[in-house]
Amino acid sequence: QQQVKQSPQSLIVQKGGISIINCAYENTAFDYFPWYQQFPGKGPALLIAIRPDVSEKKEGRFTISFNKSAKQFSLHIMDSQPGDSATYFCAARRNAGNMLTFGGGTRLMVKP
Amino acid sequence: EPEVTQTPSHQVTQMGQEVILRCVPISNHLYFYWYRQILGQKVEFLVSFYNNEISEKSEIFDDQFSVERPDGSNFTLKIRSTKLEDSAMYFCASSFGGRVDNEQFFGPGTRLTVL
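In this numbering scheme, every chain counts its residues from 1 along its sequence in written order. To read the labels, note that chains go from A and ligands from 1, taken in the order they are written. Since the coordinates come from a predicted model, pLDDT governs what is reported: local features require at least 70, and pairs of side-chain atoms require 80 or more to be given and counted, while whole-chain, interface and lining totals use all residues. Where side-chain values are given, they derive from all heavy atoms of the structure, hydrogens and water being excluded.

A. Molecular detail of a nonpolar patch on the surface. Surface patches are drawn from residues lacking salt bridges whose relative accessible area is over 30%; two like charges belong together within 9 Å, two nonpolar side chains (Val, Leu, Ile, Met, Phe, Trp, Tyr) within 5 Å. Methods summary: accessible areas were calculated by the Shrake-Rupley approach with a probe of 1.4 Å, and residue burial reflects only the protein chains presented. Just to be clear on terms, a salt bridge is a Lys or Arg side-chain nitrogen sitting within 4 Å of an Asp or Glu carboxyl oxygen. The grouping of Ile18, Ile20 and Met78 of chain A at the surface amounts to a nonpolar patch, some 240 Å² of accessible area in total. Each helix is a run of DSSP H or I of at least 4 residues and each strand a run of E of at least 2, with the numbering of both proceeding from the N terminus. Residue position: Met78 of chain A is located in the loop between β8 (72-77) and β9 (86-94).

B. A look at the interface of chain B and chain A. Tallying the contact residues gives 21 residues for chain B and 22 residues for chain A. Carbon and sulfur atoms supply 53% of the area buried between chain B and chain A, which totals about 1800 Å² over both sides. Once two parts are joined, some of their accessible surface, as seen by a 1.4 Å probe, is lost; buried area is that loss totalled over both. Contact with chain A buries area across many residues of chain B, yet Lys42, Glu56 and Val100 of chain B alone supply 34% of it, more than any other trio. In this structure, the connection of chain B to chain A is made through two salt bridges. The shortest N-O distance in the salt bridge between Asp101 of chain B and Arg51 of chain A comes to 3.8 Å. In the analysis that follows, any N or O atom pair within 3.5 Å is treated as a polar contact, provided that within protein one partner can donate a hydrogen and the other can accept it, and provided that, for residues neighboring in sequence, both atoms belong to side chains. Taken together, the connections running from chain B to chain A amount to nine residue pairs in polar contact (both at pLDDT 80 or more). It is strand β4 (residues 31-37) of chain B that contributes the most residues to the side of chain B that touches chain A, four residues altogether. Only Asp, Glu, Lys and Arg are considered charged in this grouping, and only Ala, Val, Leu, Ile, Met, Phe, Trp, Tyr, Cys and Pro are considered nonpolar; every other residue, Gly among them, is considered polar. Of the residues belonging to the side of chain B that touches chain A, the class tally is nine nonpolar, seven polar and five charged. We call two residues in contact whenever any of their non-hydrogen atoms come within 4.5 Å of each other.

C. Spotlight on the environment of Ile77 of chain A. All names here are of chain A. Of note, Ile77 is situated in strand β8. A relative accessible area of 0% means that Ile77 is categorised as buried. Taking the C-alpha atoms as reference points, Ile77 and Glu59, separated by 18 residues in sequence, lie 10.0 Å from one another. Ignoring sequence-local partners within four residues, the contact set of Ile77 consists of Gly17, Ile18, Ser19, Arg61, Phe62, Asp84, Tyr88 and Leu108. A 1.4 Å probe rolled over the protein chains alone gives each residue an accessible area, and that area as a share of the maximum for its type sets the label: buried under 20%, exposed over 50%, partly exposed in between.

D. Highlighting the packing of aromatic side chains. Residue and element names in this part refer to chain A. Two aromatic rings, drawn from Phe, Tyr or Trp (for Trp, its six-membered ring), form a pair once their centres lie within 6.5 Å of each other, and the interplanar angle then sorts them: stacked below 30 degrees, edge-to-face above 60, tilted otherwise. Summed over all chains, the structure comprises 23 aromatic pairs over all chains. An angle of 40° between the planes, with centres 4.8 Å apart, marks the rings of Tyr25 and Phe33 as tilted. When the ring of Trp35 is compared with that of Phe73, the centres are 5.7 Å apart and the planes differ by 70°; the resulting orientation is edge-to-face. Taken together, the positions of Trp35 in strand β4 (residues 30-38) and Phe73 in strand β8 put the pair 38 residues apart, joining distant regions of the chain. Residue Trp35 shares its accessibility class with Phe73, and that shared class is buried.

E. Structural view of the nonpolar core. Counting 24 residues, the largest nonpolar core has Val4, Phe33, Trp35, Phe73, Leu75 and Tyr88 of chain A as its most contacted members. No other element matches β9 of chain A, which puts four residues into this core. In this structure, Phe33 of chain A is in contact with Tyr25, Ile48, Ala49, Ile50, Pro52, Ile64, Phe66, Phe73, Ala91 and Ala92 of chain A, ignoring residues within four places of it in sequence. In this text, buried Ala, Val, Leu, Ile, Met, Phe, Trp, Tyr and Cys residues form a nonpolar core when linked through side-chain atoms within 4.5 Å. Phe32, Ala88, Cys92 and Leu112 of chain B belong to the second-largest nonpolar core, a separate cluster that totals 22 residues.

F. Representation of the pattern of salt bridges. The tally for this structure, following the rule as stated, stands at seven salt bridges over all chains. In this structure, Arg61 of chain A engages Asp84 of chain A in a salt bridge whose closest nitrogen and oxygen atoms are separated by 2.8 Å. In this pair, Arg61 of chain A sits in the loop between β6 (56-59) and β7 (62-67) while Asp84 of chain A sits in the loop between β8 and β9, placing the two residues 23 residues apart along the sequence. Salt-bridge contacts for Arg94 of chain A lead to Glu56 of chain B; the nearest nitrogen and oxygen are separated by 2.8 Å. Residue Arg94 of chain A is found in strand β9, and its partner Glu56 of chain B is found in strand β6 (residues 53-57); the two belong to separate chains. Assessed through its relative accessible area of 13%, Glu56 of chain B is described here as buried.

G. Representation of the sheet that holds strand β1 (residues 5-7) of chain B in the model. All names here are of chain B. Being paired, for any two strands, means DSSP has found at least two bridges between them. Spatial strand order, β1-β3-β8-β7: four strands in an open sheet with antiparallel pairing. A strand with exactly one partner marks an edge of an open sheet, and here the two such strands are β1 and β7 (65-68). Taken pair by pair, the neighbouring strands of this sheet meet at an average axis angle of 20°, ignoring direction. Summarising the sheet, strand β3 (residues 19-24) and strand β8 (residues 75-79) pair through five bridges and their orientation is antiparallel. Looking at β8, one finds that Ile20 is bridged to Lys78. What counts as an axis is a line fitted to C-alpha atoms, over the stretch in contact for a helix, and the angles between N-to-C directions run from 0 to 180 degrees.

What follows is the structure, encoded as C-alpha cells:
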C-alpha cells in the first residue's frame, strides 16, 4: 500500500514534443506529491510538487495533473528540450511522517 | 546556493567491514534523512533524524545501521557489518522543517561497493 507505481520506465521524445510520465498510488494518506529530476552523478532535485486539493499545477514548461479519485498524477513537460534529458521520479509523502516514497523512475531522452 | 555535501563520493569495502558515510546538511536545516538507491532501482527511504533522535525509519534500517550527528555540522550513517546487498548509492538529504511540503534537499550521493 506504500507503493507508488511509475510508467513508462523510459521515454524518447523529439525536441519540442510533450513528455508525459504517469504515476499511481494506493495509500490515501499520501498528502504531498513531488516530482524529482536526477541527472547522472547527482542527487534528485525537486522539480515541482502538488497537494491533493488542486487538480493541476504549472511552473513554466512543467505541469502536474492530479486525479484524486483515480489516485493518479502525471508530469507533463511541454516543448521538451535536450537539456531535460534526465531521470524523473514521482514521489509521495504522508502528512504524518517524513518519508518520501518514490516511484521507479523514468529515464527521459529528448532527441535534438 | 547552499547545498548538501557528502563524502566520500565512492567507498569500496570488504563484506563484513564497517563503513561510515558522511554528510554535511544545509546549515540551518533541522531534519536529516538517508535514502539509498540500488543500481537501476528506485530511491528508498532509510531513516529520518530530528532533535538528535530518529523520527522515522523503514524496514531496511535494521540493527546493522545507525545514524549520528556527532557535531553541529555532520550527519553520519554507519553500517556495522556490510553485506553484498548493501551495495548502492546512498543519498543524504535535509530540510528546514518537518512539514509535509518542506522540500528535502539531496546531496550528490556516496556510491558504496561491497566486495
